[in-house]
Every structure is written in C-alpha cells, then in structure tokens.
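# Structural overview
Residues per chain are reported as follows:
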Amino acid sequence: MNIQHKHIRMIEDAGQGAPVAFLRSSEPAAAKAIEILKKDFRVVTFDVGAAISPEGEAELLGAFARLGTSVGIISTGALAQQVLKLALQHPDVANAIVLIAPPAIADQKLAAELAGLKPPVLTLFGSKGGATAPEARRVYRQAIPKSHLMFVYDTDDGLAEQRPEAVAAALRDFMTVREGFLVTTRSAKLYP
Amino acid sequence: MKAALFSPMRYNGPSAGAGWPIASTVYSAEAAERSMQSYLRQFKLADEVGFDWVTVAEHHYAPFSLNPNPMVTAGALTQVVKRAKIALLGATIPILNPVRVAEEFAMIDTLSSGRVVAGMLRGTPNEYVTYNINPTESRERFEEALSLIRMCWTETEPFGWQGRYYDYRTISIWPRPVQQPYPRIYMSGSSPESAEFAARNRVSLGFAFTNVPQAKKSSDYYREQAGKFGWTPTEEDVIYRVVVHVADTDDLALEQFTDASKDAPRTSLTMANRDLEASVATSGYYGRDREAQRQRLMGGALKERIETGQVVLGSPETCVKQIERIHRDLGAGIIDMTLAHDLGDTTLHAIELLGTKVLPRIRELH
C-alpha cells in the first residue's frame, strides 16, 4: 500500500499475513517489537502525530478498508484513548486492540462508553511501574468487557524497547487468536 | 531480641549411607510418622513457652529433612501453633511455580489469621537437581519469581505475566494474604548480590549456615546498600540462624550434644555431595564471592563453632551469654534457634528451658 495522506503519514507497509495497523505519534516507538511482528503479520505503521484529527481519522478508515474487512490495531502511550474512541464509533474496523503502556483514562464519558466496546483489548504495562498508577491501569480492565491486563517483567513504560521479544510474543498471540490467547497451544512434551 | 525455633525435621529412623540424595531402601514409614509427630509437639511447646516464631524450611531427597514442602507443614502448624508466627525460611522459589507459592502463602496467612512470615530462598545448591532446574539461572529466576509473587499479592485485577522464565496469561489468586499489602518477606543474604537485591527491593535478610563474622560482613554491606536506596533496616530485618542445645548444666548440654552428633553428618546438606556441589559452583550459582560462600558451608570443630557463633551450647546462663554476644556483634533482631537433633524428652526439656530461662533474658536485648 502506498497512498499519499494529508493528515496521517504511512511509515511502512511490511511483512506477510493478517493486517495489523500500528499507530504511533511522530516519535518512533516499539520499533524492535514491530520488526519481530512482521514475521507473522502484515504490519502497516502510521504516524498520526500527537493526536488523530477528524480528517486523519477519515484517512485512517480509508487505509484500513484497503487492508481488509477488519484489522488489528496496536498503539503506544497517549494514542490509546483515541484508538478506543475510533473503535467505539466504528465497531467493525478493529478485530483486536493492543494498547502499550496507555495513560490513565481522564475522560469519564469515554470510560462509561467503553462498556459497549466490541473488539477485545490487551493492555500491556511494565512490571516496574510507569506513569500510569495501578488504580488507573485497572480501569481499562474494569471498563472494557473483553479486556486483558498483562505485565511485561523487568520493564517500565519503555517495555517495547526494553523487552521487544516478550512484547512481540504477546502481540502475536493476541492478534492471532484474540481471547483464545488465554489458552496455550505450546506443547510441553519433551520427547516422543 | 525475638526468638524463633527452627527444626529441619530430621528423620529419626533407619537410613542408608551418607551423601545426597539418599536411597530409601530401608526407609520406615512408622519412623517418619513418629518423627513428624515429634516435631509438631516441639513446635506446639515452643508456642506455649513463648517463642515468637516457629520456623520450617524446604529440603529434598534426604533424611536430613522430612520437609520437601514446608507449605504443607505450615498448614498443619496453623492448627497446632496458636500464637507464634509461622515462618517459612523458606520456600525455594526458583525451583517452584511462583503463582502456586503466592497462593500457598496466602492460604497459610488466612489459616493462621495473618501469622505467616514469607521466606523466599534460592535454596542449597543440591536443590537445583531436585526438579532439574539449571543453577546458572538461579538468581534471575529468584528475582523474577519474587516480583511475580508480589504482583500476585497486590494486583486485584486478573493479570497476565510476560516474564523471562515464567509466563501466565491470567492470574487472580484466592485467598489473598491477610497481612497487607503482604506478609513480611525474608531472603538469604550471604552473597553480595543478595544483599544488593534485598536492599534495592526492601526485603529483610536471613543468615544461615554461616558464622557471626561472615554474617556481620554481609549484614553491614546490606545496611550500607539500603542506605543508598534511602532506607534503614531495623533489627527485625535481620535473622540469624544458629544451632542451639541447652541443658540444666554446661557439662550435661555438652554431653548430650556430643552424643547426638556422633552419628550425624559432618557436613551441611550442601557439602554432602561434593561432586554435585562442585558442578553447581562452576555454574555461577554462588556469584562473585564464590570461595567465601563455599567456605562458610564447611564444618568445623565444636569449640570453634561456638566461638564464631555457629553453635549456642550450655546451661541457660551460658546460652544467654552466647546469644548476647551474637546480638552485640551482629545486631540481628531475631535469632532462629535450630534444634539439630531430636532427643525426645531431652529436646522438650531444652525447649522449656529456652522458654523459661533464656527467652525472658534475650527479649531485653535491643
């Protein structure tokens, strides 16, 4: 995909497999984890700036439509709440959402509306803590019906850079089978 | 100063050979049952005569200890020990399932109405053979397991864990600890790496299979490191475990202890299998202070062991003096008194003497 947008910028379209949209601000983020994810998914990276404007949202929806009937969406940091709003307004766009180190939900109206969110959501936080207080990170799980909280050991808010393999593994499993990721399919058998 | 009574829960019956592991060819179920009942009686008495804690620990594959799962023992103790804290010093967390450990500690804390003390150890080197865990990874596994256990105790929403050694997709333990946010945690602190980790993570320290000069060196380093992280350990943050035998007179105590020691192993569990220990040593298990760590596990003459605070032996008056010296030199707030031998009524009498004539005196030490 190579389309010129005015309000968002497509950084890269790489990898093979089911489509995943990685939304980030202008600051590069999670590069190593995304690189690993490309082995199993077609990952399209968008720079949406500091926030997604209404025009940018329209461009994103157009880009998603070209990728398939629905996409997995990954976002980092402060974009989390805009991704959730997008998924609320367009329930069939995302088949799964992963939020990496999202901040506290300050918008109480949004928090109340999240009860109606359709896609499953995985929120990833560092085990060493970060900017989001424990009570605030719990809100994601309490407010979103199909929501999962996961800690990446020995990391903080920079988890995707600090342990990219661990983050990519969680992303891969969740994007592949969504809520089925709770059940491992990894064999523990040592020898036949 | 507080006092704990520790028993390795040695098997008192026929057994074959020395070393580790030990064959169970001549094992007697009746002797094992009798041994366990005897230890439950000792712990019950310790509670009645005023010990602050009773202590159990995990060891495997040898008559040295009938306690491969101290959680089970602690569960039984919750029904026998009504007042004292029940300390597990400890669970060997790098070889166990950390979530299970968190669940079991929470169960014991609930069963005991908040009296559990959570010792988390790396264990003796031989324990890595028990469940076939690579000792090279011992310290990293320990640190991650402890972090996960704390998260199990504090996170109230179901959560997943993407670790280096452990991964879980959803965890939500029931019951939860009675003590909030969680029971006091102790770890072994003999190596510099352990002291640094404990200081960084505000964990209390225990010293066992060592002597007072070595423990003091480690304890001083722990306090120095804690200062760097902005806190000051209290006396109760340091436990010192020591072998104790007390009788009505010094001569009687010496005679009873010497007789009982005749058939006992000359070395610690760690050094019971030298080849195995040497293999573990080359794995990096001990850390950067390897030779000092190994040296402290070697046995010694009784006189030397008393002088260096490895053994407290004698009449109540003599024992008080020896404990006072340990307290003065080390500054430990809790002395974990090890009953190295089960001598039946003699041991019960020793526990009574400790409770009535030693504990009231050492309680004044600050």
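Once a new chain begins, its residue numbering starts again from 1 and follows that chain's sequence as written. As a convention, the first chain written is A and the first ligand written is 1, with the rest following in written order. In view of the model being predicted, local features appear only for residues whose pLDDT reaches at least 70, and side-chain atom pairs are presented and counted only at 80 or more, with totals across whole chains, interfaces and linings using the full set of residues. Note that the side-chain values use all heavy atoms of the structure and ignore hydrogens as well as water.

## With respect to the packing of helix α12 (residues 316–330) of chain B against helix α13 (residues 345–362) of chain B
All names here are of chain B. Between α12 and α13, the shortest axis-to-axis distance is 10 Å and the interhelical angle comes to 40 degrees. Remark: the crossing between α12 and α13 carries right-handed chirality. Facing Pro316, Glu317, Cys319, Val320 and Ile323 of α12, the residues of α13 in contact are Leu353, Lys357, Val358, Arg361 and Ile362. Only C-alpha atoms enter the line fits that serve as axes; for helices the fit covers just the stretch in contact. Angles between N-to-C directions range over 0 to 180 degrees. Helix and strand assignments follow DSSP, with helices taken as H or I runs no shorter than four residues and strands as E runs no shorter than two, numbered in order from the N terminus. By convention the crossing between two helices is left-handed if the near helix lies anticlockwise of the far one by an angle smaller than a right angle, and right-handed if it lies clockwise. For this analysis, residues touch if any pair of their heavy atoms sits within 4.5 Å.

## Focus: helix α7 (residues 164–177) of chain A
All names here are of chain A. Here a helix's expected span is defined as the number of its residues, less one, multiplied by 1.5 Å. Compared with the 20 Å implied by 1.5 Å per residue over 14 residues, the 20 Å span of α7 between its first and last C-alpha is a close match. Between buried and exposed lies partly exposed: a residue is buried under 20% and exposed over 50% of the maximum accessible area for its type, with that area taken using a 1.4 Å probe on protein chains only. The set of residues buried in α7 consists of Pro164, Ala166, Val167, Ala168, Ala169, Ala170, Leu171, Phe174 and Met175. Directly beyond the C-terminal end of α7, a positive phi value near 50 degrees is found at Arg178.

## Overview of the packing of helix α5 (residues 138–154) of chain B against helix α6 (residues 192–200) of chain B
Residues and elements named next belong to chain B. α6 packs onto α5 with a crossing angle of 15 degrees between their chain directions and a minimal axis gap of 12 Å. Looking at the two axes, α5 sits roughly parallel to α6. The handedness of the crossing between α5 and α6 comes out as right-handed. On α6, the residues that touch Arg139, Phe142, Glu143 and Leu146 of α5 are Glu193, Ser194 and Phe197. When residue character is reported, Ala, Val, Leu, Ile, Met, Phe, Trp, Tyr, Cys and Pro are called nonpolar, Asp, Glu, Lys and Arg charged, and the others, Gly included, polar. Of the residues assigned to the contact of α5 with α6, the class counts are three nonpolar, one polar and three charged. Angle categories: roughly parallel below 35 degrees, roughly antiparallel above 145, roughly perpendicular from 65 to 115, and oblique for all the rest.

## Quick notes on the nonpolar core
In this description, a nonpolar core means a group of buried Ala, Val, Leu, Ile, Met, Phe, Trp, Tyr and Cys residues linked to one another through side-chain atoms lying within 4.5 Å. Counting 117 residues, the largest nonpolar core has Phe46(A), Phe64(A) and Met120(B) as the members making the most contacts within it. Per-element accounting of this core gives the leading share, eight residues, to α5(B). Residue contacts for Met120(B): discarding those within four places in its chain leaves Ala91(B), Ile93(B), Val101(B), Phe105(B), Phe142(B), Leu146(B), Ile149(B), Trp153(B), Ile185(B), Tyr186(B), Met187(B) and Ser188(B).

## Observations regarding the side chain of His327(B)
Residue and element names in this part refer to chain B. With respect to the helices and strands, the residue His327 is situated in helix α12. The class for His327 is buried, based on a relative accessible area of 8%. Among residues more than four places away in sequence, those in contact with His327 are Met1, Glu235, Ala332, Leu365 and His366.

## Thoughts on unusual backbone geometry
Most peptide bonds are trans, and most residues other than glycine sit at a negative phi. Residue and element names in this part refer to chain B. The residue after Trp174, namely Pro175, is reached through a cis peptide bond having omega -5 degrees. Looking at the secondary structure, you find Pro175 in the loop between β6 (167–171) and β7 (185–188). One non-glycine residue, Tyr61, lies in positive phi territory at about 65 degrees.

## Some remarks on the packing of aromatic side chains
Any pair of Phe, Tyr and Trp rings, taking the six-membered ring for Trp, is counted once the centres come within 6.5 Å. Such a pair is stacked with planes under 30 degrees apart, edge-to-face with planes over 60 apart, and tilted for the rest. According to the stated counting rule, one finds 13 aromatic pairs over all chains in the structure shown. Here the aromatic rings of Tyr153(A) and Trp161(B) are separated by 5.7 Å at their centres, their planes lie at 35 degrees, and the arrangement is tilted. With one member in each of two chains, Tyr153(A) in the loop between β7 (147–152) and α6 (159–162) and Trp161(B) in strand β5 (residues 159–162) form a pair that bridges those chains. For the pair formed by Tyr153(A) and Trp161(B), the shared burial category is buried. An angle of 70 degrees between the planes, with centres 5.6 Å apart, marks the rings of Trp53(B) and Tyr186(B) as edge-to-face. Of this pair, Trp53(B) sits in strand β2 (residues 53–56) while Tyr186(B) sits in strand β7, placing them 133 residues apart in sequence. One exposure class covers both Trp53(B) and Tyr186(B), and it is buried. Through pairs of rings, three or more aromatic residues link up here, namely Phe105(B), Trp153(B) and Tyr182(B).

## Some details on the interface of chain B and chain A
Listed by partner, the interface residues are 19 residues for chain B and 19 residues for chain A. Here's the idea: put two parts together, see how much 1.4 Å probe accessible area each one loses, and the total over both is what we call buried area. Buried area between chain B and chain A, both sides added, is near 1,700 Å², and the carbon and sulfur share of it is 48%. The partner of Asp173(A) in a salt bridge is Arg169(B), with the nearest N and O atoms 2.9 Å apart. In the analysis that follows, any N or O atom pair within 3.5 Å is treated as a polar contact, provided that within protein one partner can donate a hydrogen and the other can accept it, and provided that, for residues neighboring in sequence, both atoms belong to side chains. Inspection of the region where chain B meets chain A yields 18 residue pairs in polar contact (both at pLDDT 80 or more). Here, a salt bridge means any Lys or Arg side-chain nitrogen found within 4 Å of an Asp or Glu carboxyl oxygen.

## Section: the pairing of strand β4 (residues 116–121) of chain B
Residue and element names in this part refer to chain B. Taking burial as the measure, the six residues of β4 include five buried ones, the bulk of the element. Where strand β3 (residues 85–92) lies against β4, five bridges are found, and the strand directions are parallel. Following the sheet pairing, Ile86 is matched in β4 by Val116. If you view a crossover with the strands going away from you and the path from the first strand over the helix to the second runs clockwise, you call it right-handed. This β-α-β element, β3 to helix α3 (residues 98–111) to β4, shows right-handed connectivity. In this structure, β4 lies alongside β7, joined through two bridges in parallel fashion. Among the inter-strand pairings, Ala118 is bridged to a residue of β7, identified as Ile185. Strand pairing follows a simple DSSP-based rule, namely that at least 2 bridges must link the two strands.

## Points about the pattern of salt bridges
Within the structure shown, the criterion is met by 30 salt bridges over all chains. With its nearest N and O atoms 3.1 Å apart, the salt bridge here joins Asp167(B) to Arg186(A). With Asp167(B) in strand β6 and Arg186(A) in the segment after α7, the pair connects residues from two separate chains. Among the residues examined, Asp167(B) registers a relative accessible area of 30% and is labelled partly exposed. You can call Arg186(A) exposed: its relative accessible area is 60%. Among the ionic pairs, Asp47(B) bridges to Arg83(B), the shortest N-O distance being 3.5 Å. Of the two residues, Asp47(B) is situated in helix α1 (residues 29–49) and Arg83(B) in the loop between α2 (70–77) and β3; the sequence distance between them amounts to 36 residues. By relative accessible area, which is 6% here, Asp47(B) ends up buried. Salt bridges here are not isolated pairs; linked through shared partners, they connect Lys2(B), Arg184(B), Glu236(B) and Asp237(B).

## Considering the side chain of Glu127(B)
One can find Glu127(B) in helix α4 (residues 127–130). Beyond its immediate stretch of four places on either side in the chain, Glu127(B) contacts Glu58(B), His59(B), His60(B), Thr92(B), Ile95(B) and Leu269(B).

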